[in-house]
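Next come the chains, spelled out residue by residue.
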Amino acid sequence: MSASEPLVVVENVQKHYGDFQALTDIELTIGKGEVVVIIGPSGSGKSTLCRSINRLETITSGTIRIDGKDLPAEGKALAALRAEVGMVFQSFNLFAHLTILENVTLGPIKVRGMRRADAEREAMEILTRVGVEKQASKLPAQLSGGQQQRVAIARSLAMHPKVMLFDEPTSALDPEMINEVLDVMIGLAKDGMTMIVVTHEMGFARKAADRVVFMADGQIVEQAEPEEFFTNPKSSRAKDFLSKLITS
């Protein structure tokens, strides 16, 4: 576990959809620069937890703090918080009518008030970092899925987020495109970006995570460093989950 100061603190979080309890008693602290990978069977609450951290899902009770501040309910404070929390989804959510460069500069210009020339210069540096600088003048539909997802990551990075959330970032991609996105994420992890990643990619969890959090039935069942988790899972749920992965 990271010894650095806590950046994201989730305390006693519950989430209900009507009678269904999607999250139960979630306690999770993520340090600055830590990479936490959340895994578990479908329907275990992984994406709900991820989406709750930037309030795309509202929690029923409990508290979530980012960099010492409680998650605001709505309005300008929430918009300001979202500018500090990057989010990458399984669907790329790029603006279809804007070029790649325009997609990446939109937030810095509109939200951060950057001058266009500065935003474009910085956007090109970030597009180069994720390997799609040659696509800057194209529209999203002209790019492969892997390229679009790397643009989505670049768009988040352009806002200089304190933490980045990834919700199944490779699940919509063809197999040959998955690694090009994971390689970018591994690079971010090495650069010290605080990351919370919901994924089925166990190789990424082993390579990039500081900690693996295993969820089932809306609860955190166990958490450990990757090597410890994959070689010596403590709970029967985790053992069962891992045995199915190995045989599939």
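Values in this document were obtained by computation on a predicted structure and should not be read as measured data. (Residues numbered from 1 in each chain as written. Predicted model: local features only at pLDDT ≥ 70, side-chain atom pairs only at ≥ 80, totals over all residues. Heavy atoms only, no water.)

Participant: Sorry, what's going on with the sheet that holds strand β2 (residues 20-31) here?
Facilitator: Strands sit in the order β2-β1-β4-β5 across an open sheet of four strands; the sheet is antiparallel. The sheet terminates laterally at β2 and β5 (69-70), the two strands that pair on one side only. As judged from the eight bridges shared by strand β1 (residues 6-17) and β2, these two strands associate in the antiparallel manner. Bridged to Tyr17 within β2 is Phe20. (Pairing = 2+ DSSP bridges. Helix = DSSP H or I, 4+ residues; strand = E, 2+ residues; numbered from the N terminus.)

Participant: What should I look at first to understand the packing of helix α5 (residues 145-157) against helix α6 (residues 175-190) in this one?
Facilitator: Any two packed helices are characterised by the angle at which their axes cross and by the distance between the axes. Put simply, α5 and α6 touch, their axes get as near as 8 Å, and they point 20° apart. Considered as vectors, α5 and α6 are oriented roughly parallel to each other. As α5 runs across α6, the sense of the crossing is right-handed. Residues Gly145, Gly146, Gln147, Gln149, Arg150, Ile153 and Leu157 of α5 pack against Met177, Glu180, Val181, Val184, Met185 and Leu188 of α6. In terms of residue class, the contact of α5 with α6 is made up of seven nonpolar, four polar and two charged. (Axes fitted to C-alpha atoms, helices over the stretch in contact; angles between N-to-C directions. Parallel < 35°, antiparallel > 145°, perpendicular 65-115°, else oblique. Left-handed = near helix turned anticlockwise from the far one by under 90°. Contact = heavy atoms within 4.5 Å. Nonpolar A, V, L, I, M, F, W, Y, C, P; charged D, E, K, R; others polar.)

Participant: Which parts of the structure should I look at to understand the sheet that holds strand β10 (residues 219-224)?
Facilitator: Paired through backbone hydrogen bonds, the strands of a sheet run either parallel or antiparallel to each other. Taken in spatial order, the six strands make up an open sheet running β6-β7-β8-β3-β9-β10, and their pairing is mixed. Only two strands of the sheet have a single partner each, and these edge strands are β6 (85-88) and β10. Across this sheet, the average inter-strand angle for adjacent strands is 20°, counted without regard to direction. When strand β3 (residues 35-39) meets strand β8 (residues 194-198), the two strands line up parallel, connected through four bridges. By the bridge assignment, Val36 is partnered in β8 with Ile196. The strands that α5 touches are β6 and β7 (163-167); relative to β6, the one it contacts most, it runs at about 170°. Taken strand by strand, α6 contacts β3, β7 and β8, and its axis lies near 145° from that of β8.

Participant: How should I be thinking about α5 in this particular structure?
Facilitator: Since the α-helix turns once every 3.6 residues, residues separated by three or four places project in the same direction. Here α5 spans 18 Å end to end across 13 residues, near enough to the 18 Å set by a 1.5 Å rise per residue. The buried count for α5 comes to 13 of 13 residues, which makes it a mostly enclosed element. (Expected span 1.5 Å × (residues − 1). Buried < 20%, exposed > 50% of the residue type's maximum accessible area, 1.4 Å probe, protein only.)

Participant: Even after reading the chapter, I still don't get the pairing of β7, so can you show me in this structure?
Facilitator: Burial analysis of β7 places five of its five residues in the buried class, which makes it a mostly covered element. With four bridges joining them, β6 and β7 adopt parallel strand pairing. Considered in β7, the bridge of Gly86 is made with Met164. Each parallel crossover has a hand, and the one from β7 via α6 to β8 is right-handed. (Right-handed = clockwise from strand over helix to strand, strands pointing away.)

Participant: How should I be thinking about the pattern of salt bridges in this particular structure?
Facilitator: Opposite charge on two side chains allows them to pair when their charged atoms are near. What the rule picks out here adds up to 16 salt bridges. Asp67 serves as the salt-bridge partner of Lys162, at 2.7 Å between the closest nitrogen and oxygen. Of the two residues, Lys162 is situated in the loop between α5 and β7 and Asp67 in the loop between β4 (61-66) and β5; the sequence distance between them amounts to 95 residues. Since its relative accessible area comes to 29%, Lys162 is described here as partly exposed. The salt bridge involving Lys162 is made with Glu84; its shortest N-O contact spans 3.4 Å. Of this pair, Lys162 sits in the loop between α5 and β7 while Glu84 is found in helix α2 (residues 75-84), placing the two residues 78 residues apart along the sequence. What makes Glu84 partly exposed here is its relative accessible area of 23%. Through salt bridges with shared partners, a single ionic network connects Glu5, Lys32, Asp67, Glu84 and Lys162. (Salt bridge = Lys/Arg side-chain N within 4 Å of Asp/Glu carboxyl O.)

Participant: What am I meant to see in the nonpolar core here?
Facilitator: The nonpolar side chains of soluble globular proteins are, as a tendency, buried together. Core analysis: the largest hydrophobic core is formed by 51 residues, its most contacted members being Ile153 and Met195. When residues of this core are assigned to their parent elements, the largest contribution, nine residues, is made by α6. Residues in contact with Ile153, not counting those within four places in the same chain, are Val88, Met164, Phe166, Val181, Val184, Met185 and Leu188. (Core = buried A, V, L, I, M, F, W, Y, C linked by side-chain atoms within 4.5 Å.)

Participant: Is there a simple way to think about the UniProt feature "domain: ABC transporter" (unreviewed entry) in the protein chain in this case?
Facilitator: UniProt tags residues 8-242 as "domain: ABC transporter" (unreviewed entry). The span residues 8-242 is 39% helix and 26% strand, and its two end C-alpha atoms sit 27 Å from each other. (UniProt positions renumbered as here; feature names shortened; annotations may be inferred.)

Participant: Teacher, can you tell me more about the side chain of Ser156 here?
Facilitator: Looking at where Ser156 falls in the secondary structure, it is placed in helix α5. Exposure remark for Ser156: the relative accessible area of 8% places this residue in the buried category. In this structure, Ser156 is in contact with Gly86, Met87, Val88, Pro161 and Met164, ignoring residues within four places of it in sequence.

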